[in-house]
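Structural description and commentary
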There are 2 protein chains.
Amino acid sequence: MTPVERAQMAMILEVTAYPKPGNVDRCHDYEGTRLEHFLASAILARPALEKAAGCSGGIGEILREAVRLTTAHGGGNTHFGAFILLIPLLRGGDIPGAVRAVQDSTVEDAVSFYQAFSLTKVRMLPGDPLDVADPHALDLIRDRRMTLFDVMDHSKEHDMVAREWVNGFRLTRKAADQLHRAGCGRDGIVGTFLRLLSTEIDTFIVKEHGPLVAEEVKQRAAGILDGRGDLGAFDSECIARGINPGSTADIIIAAIYTALGEGWAWDCSRKE
Amino acid sequence: MTPVERAQMAMILEVTAYPKPGNVDRCHDYEGTRLEHFLASAILARPALEKAAGCSGGIGEILREAVRLTTAHGGGNTHFGAFILLIPLLRGGDIPGAVRAVQDSTVEDAVSFYQAFSLTKVRMLPGDPLDVADPHALDLIRDRRMTLFDVMDHSKEHDMVAREWVNGFRLTRKAADQLHRAGCGRDGIVGTFLRLLSTEIDTFIVKEHGPLVAEEVKQRAAGILDGRGDLGAFDSECIARGINPGSTADIIIAAIYTALGEGWAWDCSRKE
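What counts as what
Residues numbered from 1 in each chain as written. Chains lettered and ligands numbered in written order. Predicted model: local features only at pLDDT ≥ 70, side-chain atom pairs only at ≥ 80, totals over all residues. Heavy atoms only, no water. Contact = heavy atoms within 4.5 Å. Buried area = accessible area lost by both parts, 1.4 Å probe. Salt bridge = Lys/Arg side-chain N within 4 Å of Asp/Glu carboxyl O. Polar contact = N/O pair within 3.5 Å; in protein donor to acceptor, adjacent residues only side chain to side chain. Helix = DSSP H or I, 4+ residues; strand = E, 2+ residues; numbered from the N terminus. Nonpolar A, V, L, I, M, F, W, Y, C, P; charged D, E, K, R; others polar. Disulfide = S-S within 2.5 Å. Phe/Tyr/Trp six-rings, centres within 6.5 Å; stacked < 30°, edge-to-face > 60°. Buried < 20%, exposed > 50% of the residue type's maximum accessible area, 1.4 Å probe, protein only. pLDDT = per-residue confidence, 0-100. Core = buried A, V, L, I, M, F, W, Y, C linked by side-chain atoms within 4.5 Å. Axes fitted to C-alpha atoms, helices over the stretch in contact; angles between N-to-C directions. Parallel < 35°, antiparallel > 145°, perpendicular 65-115°, else oblique. Left-handed = near helix turned anticlockwise from the far one by under 90°.

Points about the interface of chain B and chain A
Every contact between the two is made by 33 residues of chain B and, on the other side, 33 residues of chain A. Carbon and sulfur atoms make up 55% of the surface buried where chain B meets chain A, a total of about 2800 Å² over both sides. Scanning the region where chain B abuts chain A turns up eight salt bridges. Counting across the chain B and chain A interface gives 13 residue pairs in polar contact (both at pLDDT 80 or more). Here the side of chain B that touches chain A takes seven residues from helix H2 (residues 35-44) of chain B, the largest share from any one element. Of the residues in the side of chain B that touches chain A, the class split is 13 nonpolar, nine polar and 11 charged.

Have a look at this one:
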């Protein structure tokens, strides 16, 4: 499997794994964003993923291309956060390489990132002078000579995906290790997803529903792992309330990419 | 969308469409062959699909490569029949081009096809001197100077996929036309699948369960379209009995590929 195929497989395996509380999965769609949108995104992002695995093009520019390729469908943002992690991982090959790749990011990468951002409906923090919706944000980036790494550093408090850039892909590493422990295939992914959800506040939930709901989801996930509460019922409740741990899913995708490269078997019927 | 992406999308959209009587779909796996195997096959076949869309390599050799790339996982045969249709369609670009491509096939293509066949557990007709399990089949092919087109002509009576090669991709065309009528997205695919099942005997069911069961499936599908019988219950019954209209699925994949190239919208939220 090539690195690009590993990235595509990671996107496909994450979205089809189930039951995952609140997210689009094999058994759940959201009204505007369906399973097919996620699968199509994994197929259609390939040219950008190939560039990331090659030597040409900056990370920001490739990110913008990945978003452009995958918002051609009507399903809205599917893998923006995942691309923020996968593109440096592909550029660097593995986590240590990705850490070097993000440190090398430039002001131009930051500008392209903002252009990518504006193709999606994803928001940073309202009121933040660097919010993508702020018309002066790009001027500020250029004036301050902020690299994409600096932007992520700025966002790290409120965004667990941005935080991966500045802390050495800590949760990606942690979740990949957990995948190795949890074992092959779909059940390994679901177990790893739940464990990450039970130990980390999902910042996407914080943005959409506030910190109390995010804390509740974390506690409930921990409870299910302790044998208190039913995963299926929790999933249904999250779906009904529109609670979608999207950033956790992004990190799981990066973790599957990493673990596949380390020999983790996506297919239990044939260890790889 | 490039032709190769259309082929990959066709594979992904077909397998995730549901409910489809008896086949692996979004809600059903078979014991050894799961949704992930089909999705992985769509990702991992890409190098072979690229060759088919390019100018290099014979159809038989490319078919062998596609099967080799997609039997690396443990899920057994997933898309062998689909590749038999998609590879000429990619080589020719559309149905008229595919008709020319299959007529140009060679003895070497036939030999490669037999080698591909032997990588799968798919059987031709037991007792047929051209059965892949017959150790003399390859000698016979070479002695008689049979091209891959000739092999398909030999198999046409008992195999609806082979029949497509010699009748101008008749069912592929018919199902693509039906897709345009049935409309966008998942529901269009399910409707087209049922209609094809209701008018054509699935030869894969004949091989596995005999002609009576195949005829029963056809009648039941027709009944559901006429408002007699419930699709979900029929699906469950087929799954329980192991009745899997796999050849119909292969033709639907070829039809989706064709219809996508003619403007059919896989995504109802944004017509393409």
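Resuming the write-up.
Looking at unusual backbone geometry
A:Tyr18 connects to A:Pro19 through a cis peptide bond whose omega is -5°. Mapped onto the secondary structure, A:Pro19 falls in the loop between helix H1 (3-16) and helix H2 (35-44).

Describing the state of the cysteines
Residue and element names in this part refer to chain A. Here the structure, examined in full by the defined rule, presents two disulfides over all chains. Between the sulfur atoms of Cys184 and its disulfide partner Cys268 the distance amounts to 2.2 Å. A torsion of 115° about the S-S bond marks the disulfide between Cys184 and Cys268 as right-handed. Linking Cys184 in the loop between helix H11 (170-182) and helix H12 (185-199) with Cys268 in the segment after helix H16 (246-261), this pair joins segments that are 84 residues apart in sequence. Just so you know, Cys238 is unpaired, no disulfide at all, and the nearest cysteine sulfur is the one on Cys27, 15 Å from it.

Observations concerning the packing of aromatic side chains
All names here are of chain A. Counted under the stated rule, the structure contains 10 aromatic pairs over all chains. With 5.9 Å between their ring centres and 20° between their planes, Phe80 and Phe113 make a pair best called stacked. Taken together, the residues Phe80 in helix H5 (residues 80-92) and Phe113 in helix H7 (residues 107-117) connect sequence positions 33 residues apart. Taken as a pair, Phe80 and Phe113 share a single burial class, namely buried.

Notes on the pattern of salt bridges
Residue and element names in this part refer to chain A. Per the counting criterion, the structure on display carries 41 salt bridges over all chains. With a closest N to O distance of 3.0 Å, Lys20 and Glu14 form a salt bridge. Using a relative accessible area of 1% as the deciding quantity, one classes Lys20 as buried. Its relative accessible area of 3% is what places Glu14 among the buried residues. The partner of Lys51 in a salt bridge is Glu65, with the nearest N and O atoms 2.7 Å apart. Here Glu65 lies in helix H4 (residues 59-70) and Lys51 lies in helix H3 (residues 46-53), a separation of 14 residues in the sequence. Judged by relative accessible area, which is 32%, Lys51 ranks as partly exposed.

Notes on the confidence of the model for chain A
In the predicted model, chain A carries a mean pLDDT of 92, and the fraction of residues at 70 or more is 94%. Listed scores for the predicted complex are pTM 0.94 and ipTM 0.92.

Observations concerning the nonpolar core
One finds A:Phe113, B:Phe113 and B:Trp165 to be the most contacted residues of the largest nonpolar core, which totals 185 residues. Residue contacts for B:Trp165: discarding those within four places in its chain leaves B:Ile59, B:Ile84, B:Leu85, B:Pro88, B:Val102, B:Ser105, B:Leu148, B:Phe149 and B:Met152.

Here we look at the packing of helix H1 (residues 3-16) of chain B against helix H5 (residues 80-92) of chain B
Residues and elements named next belong to chain B. One can describe the packing of H1 onto H5 by two numbers: an axis separation of 10 Å at closest approach and a directional angle of 160°. In terms of orientation, H1 and H5 fall into the roughly antiparallel class. Like other packed secondary-structure pairs, H1 and H5 cross with a definite hand, here right-handed. Touching Pro3, Val4, Ala7 and Met11 of H1 are Phe83, Leu86 and Leu90, all from H5. Here the contact of H1 with H5 is built from residues that sort into seven nonpolar, no polar and no charged.

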